[in-house]
Amino acid sequence: MTCIIGNMGMIRLSIEKCRRLQTANYSFFKEPYLHPDRVMPAHDIVLIVAGGWEICEENERFMLGPGDAIFLFAGRRHYGERGCEYGTRTMWVHAYPERDDAFIRTAAVGRNTDSALYLPTVIRTGGDPRVISLFEGIVQNYWSSSATNRMRSRVLFSELMLELSALAHTAHDPAANAIDYIVNLIEMNPAKNYSIDALAKAVGMNRRTLTMQFRKRMKRSIHQFAVAHKVRMAASVFAHAPGTPVRVVASMFGFYDEFHFSRTFKQLTGAAPTEYKKGRSQP
């Protein structure tokens, strides 16, 4: 189990573009090995695959076990005071920082945005297979002789940061994670109509708590959110393919019939589908 001594900070990580990687690799320590004492120009992200390791950053000490990932921020001193356990295995990636990256001296989990992720220094992944797969993919593609594969390692690094951030938010705020899950479910399956009871069961919450938490977070009900998403996607179909029949679009997004779809579409856009299509088809 991870033992943290000191006040763990929060990392703000820019995600506006794929960042350059300095290196990536595996490590196996048959015997105890002391983590190097260094200040690096790159971020050092380490996953403990097996065994255990003590890693210090500035005045904080972290005892890491299997499944633990640590994000050591560029420009901050990290080191070891005692060796790792016998047979410790790790995977690690060194990634160059971007201008907007920041180490924030707080343990509070920040809210992710379109341009930045927030991660704690240590993330308990629980041996999540996707995290392991992403680390492996980064290492393998980084050392590839193919330029395409080397670029893929940078894309996979972005995916890894997204995954680690999601796991961190799950641990700190289960309710927020439940809402994220439902939002993603609705957005990825616009043709389906989910009942509140089914969604509540899926996230292990009662109906009343779920509806209250969703409205608090999204500023609208689950039904309103789902319908608005369906109409937004339907409008995109009309904008890019105005020849598509209204009844076909209504069916694509799970409406009961063309009349119900047309009425809802006009309520949210101010124009009936036929009027909207006509306007989009004009030069």
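All of these numbers come straight from a predicted model, not from anything done at the bench.

**So, the layout of surface pockets**
Step number 1: In this structure, the largest pocket spans a volume of roughly 620 Å³.
Step number 2: Lining the largest pocket we find 21 residues, and of these Asn112, Leu162, Ala166, Asp180 and Arg217 sit closest to its centre.
Step number 3: Those elements giving two or more residues to the lining of the largest pocket turn out to be helix H2 (147-172), helix H3 (174-188) and helix H5 (207-218).
Step number 4: The leading source of residues in the lining of the largest pocket is H3, at 7 residues.
Step number 5: Residue composition of the lining of the largest pocket, by class: 9 nonpolar, 7 polar and 5 charged.
Step number 6: What the second largest pocket holds in volume is close to 380 Å³.
Step number 7: What lines the second largest pocket is a set of 20 residues, among which Asn193, Tyr194, His223, Ala226 and Val227 lie closest to the centre.
Step number 8: Secondary-structure elements contributing two or more residues to the lining of the second largest pocket are helix H4 (196-203), H5, helix H6 (222-240) and helix H8 (258-269).
Step number 9: No other element matches H6, which puts 5 residues into the lining of the second largest pocket.
Step number 10: Considering only residue class, the lining of the second largest pocket consists of 9 nonpolar, 8 polar and 3 charged.

**A word on the sheet that holds strand E5 (residues 43-50)**
Step number 1: Strands sit in the order E3-E10-E5-E8-E13 across an open sheet of 5 strands; the sheet is antiparallel. What marks the edges here is a single partner per strand, and that holds for strand E3 (21-29) and strand E13 (122-124). Between one strand axis and the next, the sheet turns through 15° on average, direction left out of account.
Step number 2: Sitting on the sheet, helix H1 (residues 129-142) is in contact with E3, E5 and strand E10 (88-95), with an inclination near 115° to E3.

**Regarding the environment of Pro129**
Step number 1: The residue Pro129 is located in helix H1 in this model.
Step number 2: Residue class for Pro129 comes out exposed when judged on its relative accessible area of 63%.

Cut-offs and rules
- Residues numbered from 1 in each chain as written.
- Predicted model: local features only at pLDDT ≥ 70, side-chain atom pairs only at ≥ 80, totals over all residues.
- Heavy atoms only, no water.
- 1 Å grid on protein atoms, 1.4 Å probe; cavity = no way out; pocket = protein on both sides within 12 Å on 5 of 7 lines; lining within 4 Å.
- Points joined across faces, edges and corners; volume = space filled by probe spheres on them.
- Helix = DSSP H or I, 4+ residues; strand = E, 2+ residues; numbered from the N terminus.
- Nonpolar A, V, L, I, M, F, W, Y, C, P; charged D, E, K, R; others polar.
- Pairing = 2+ DSSP bridges.
- Axes fitted to C-alpha atoms, helices over the stretch in contact; angles between N-to-C directions.
- Contact = heavy atoms within 4.5 Å.
- Buried < 20%, exposed > 50% of the residue type's maximum accessible area, 1.4 Å probe, protein only.

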